[in-house]
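Below are the chains, spelled out letter by letter.
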Amino acid sequence: MLKGRTVILGVTGSIAAYKIASLASMLVKKQASVHVIMTQNAMNFINPITFETLTGHKCLVDTFDRNFEFQVEHVSLAKQADVVMIAPASANVIGKLAHGIADDMLTTTLLACRCPKFLSPAMNTAMYENPIVQDNLKILKKYGYEVITPASGYLACGDTGSGKMPEPETLYQYIEKELAGPKDLTGKKVLVTAGPTQENIDPVRYITNHSSGKMGYAVAKAAMLRGAEVTLVSGQTALTPPMFVDYVQITTAEEMYQAVTSRSDEQDIIIKAAAVADYRPKTVYDNKVKKQDGQMSIELERTRDILAYLGEHKRENQFLCGFSMETENMIGNSRAKLQKKNLDMVAANNVKVEGAGFQGDTNVMTLITQDQEIALPLMSKEEVADKILDTIRDKM
Ligand SMILES: Cc1cc2nc3c(=O)[nH]c(=O)nc-3n(C[C@H](O)[C@H](O)[C@H](O)COP(=O)(O)O)c2cc1C
C-alpha cells in the first residue's frame, strides 16, 4: 500500500528509541522505502545495524560520512522523502529544530525537507511540561510540524505522567494517513454506520445479529485515508475504531437513529453498513423473562427505519448508500430497496455465498445503482470498501 513512498524516521537519544524498530518493520512490510537517521546519542539506545537490517538502507548518523551513495546525502534524501517522522523526539532535538540549528545529520536533513513532518516528543513529564519545551513545540507547529501529543502513563524514569511516546502502531497510523490512497474525498463529509444493534429483552438477554462491523469499519477507514471528514456511528463490536474518525458508539436501534438523523443534514455521503435489528421487545422486562413449557413469549414492535428517513430527507447532492444482505433474489430485492427508500446505491450480497457476509475478512458484493450493476469478485473488505468509494466518487 505504501509502495514507492519514501519515509524518513528520525531517532533521537530517548529510551523509547528501541520501539522504532517495530515502526520501521511495519513500514517495510507495507513496501515503503524507509531511511533511518539517528543522532549520535540515539546510538546509546539502539544499534544502527538493527535499522539497517530491517530497512535495507544505511542508517545515517554523520553528516560528514565519506561513505555515501548520493552526492550530498542530506539534500538528496530530503528531496526523496514523502514524509518524516521524528520519534522519539528528545527535548534537545526539539529545541534545535525550533531554532534552525543544523549541527548533525538529522537536524541538517530536516532543514532541507519540504515534505510533511511529524514529531513525537518523548521525555520525562517535568521536561515535557517545561515552558521552554512547550514554547519550542509551539514554534515547530507554527513552522508546519504536526506534533503528536504524547500519551500518559508509566515512564521509563519511574514517574507517571505525560511524555510517553505513543506505541509504534499509532505512529504508523499517522504515516499511513499521510501517504495512503488518492485524496479524492478531501472536503467531503462522510457518515458511516457499522456493527449490530442490541435490544434488551430483560436484564440478562438481548436481541441482536451476527454483524461484526468489519465492513463498515473498513469503509470508514478507507474514506478517512482518502481525505474525507468521517463520522463512524457504531454498535457494540470487538473492533478498535480507526484513528482520525469521529467515533460515536451506540447500542440500540433508537440510539443509532438519533445519532444518524441529528448529523445527516451536514453529510455529503451517508453509507449505512450497520445491521439494525428490525424488531425490539415492546416492553423491556425488569426481571428475567420466565420460560413456560420451554417457550418464551415476548411481544415485539418495529424499530425505526433509518434508511427510509434518510431517503425521505435526502438533500440535494447528498449520496445515500444502503447495504442489503439477501438469501435469495439478491438483485431483485436490492433494486426494490433502492427505489422504495430513494437510495443512490445498494451494496448487496448473498450471505449464502462462500466468502461473503458478516464475520469474515472477505466479501462478495454487487454494487447496484439506478443505471448499473457492478459485480465484484471475492475481495478483502478493505478492497470492497475502496470499490464502494470509487463508485460513489464516480456517481457524484
Ligand atoms: C537513560 C536515558 C534516557 C533518556 N531519555 C530521554 C528522553 O526520553 N527524552 C529526552 O528528551 N532526553 C532523554 N535523555 C537525555 C538525552 O539523551 C540527552 O538530552 C541527549 O543530549 C539528547 O541527544 P539528541 O537529542 O542529540 O539525541 C535520556 C538520557 C538517558 C541517559
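Only a predicted model underlies this, so the values are computations on that prediction, with no experimental measurement involved. (Residues numbered from 1 in each chain as written. Predicted model: local features only at pLDDT ≥ 70, side-chain atom pairs only at ≥ 80, totals over all residues. Heavy atoms only, no water.)

Undergrad: I would appreciate a short explanation of the nonpolar core in the present structure.
TA: Soluble globular proteins tend to pack their nonpolar side chains together in the buried interior. Core analysis: the largest hydrophobic core is formed by 35 residues, its most contacted members being V190, V219, V230, I271, F323, I388 and I392. Those elements that place two or more of their residues in this core are β8 (189-194), α9 (214-225), β11 (229-234), β13 (269-272), β16 (319-326), β17 (345-350) and α13 (381-395). Looking at this core, the element that brings in the most residues is α9, giving nine residues. If you look at the next biggest cluster of nonpolar residues, it comprises 32 residues, including L2, L23, F118 and I148. (Core = buried A, V, L, I, M, F, W, Y, C linked by side-chain atoms within 4.5 Å. Buried < 20%, exposed > 50% of the residue type's maximum accessible area, 1.4 Å probe, protein only. Helix = DSSP H or I, 4+ residues; strand = E, 2+ residues; numbered from the N terminus.)

Undergrad: What am I meant to see in the site of the ligand here?
TA: Contacts to the ligand come from 14 residues, most closely from G13, T39, S90, A91 and A122. A distance of 2.8 Å separates an oxygen atom of the ligand from a polar side-chain atom of N41. Between the ligand and N92, the relevant distance is 2.9 Å, taken from an oxygen atom to a side-chain nitrogen or oxygen of the residue. Out of a free accessible area of 640 Å², the ligand has 64% covered by protein chains. Sorting elements by how many residues they give to the shell around the ligand places helix α4 (residues 91-98) first, with three residues. Each residue belonging to the shell around the ligand can be placed in one class, and the counts come to seven nonpolar, seven polar and no charged. (Near = heavy atom within 4 Å. Polar contact = N/O pair within 3.5 Å; in protein donor to acceptor, adjacent residues only side chain to side chain. Areas by Shrake-Rupley, 256 points an atom, 1.4 Å probe, with all protein chains shown as cover. Nonpolar A, V, L, I, M, F, W, Y, C, P; charged D, E, K, R; others polar.)

Undergrad: Looking at this structure, I do not really get unusual backbone geometry. What am I missing?
TA: The general pattern is negative phi for most residues beyond glycine and trans for most peptide bonds. For the bond from A87 to P88, the omega torsion is -10°, close enough to zero to count as cis. Relative to the helices and strands, P88 resides in strand β3 (residues 83-89). A positive phi angle, close to 70°, is found at Q31, a residue other than glycine. Looking at the secondary structure, you find Q31 in the loop between α1 (20-29) and β2 (33-38). Despite not being glycine, F244 shows a phi value in the positive range, around 65°. Inspection of the secondary structure puts F244 in the loop between β11 and β12 (246-249).

In short, the description is geometric, and any link to function would need to be established separately.
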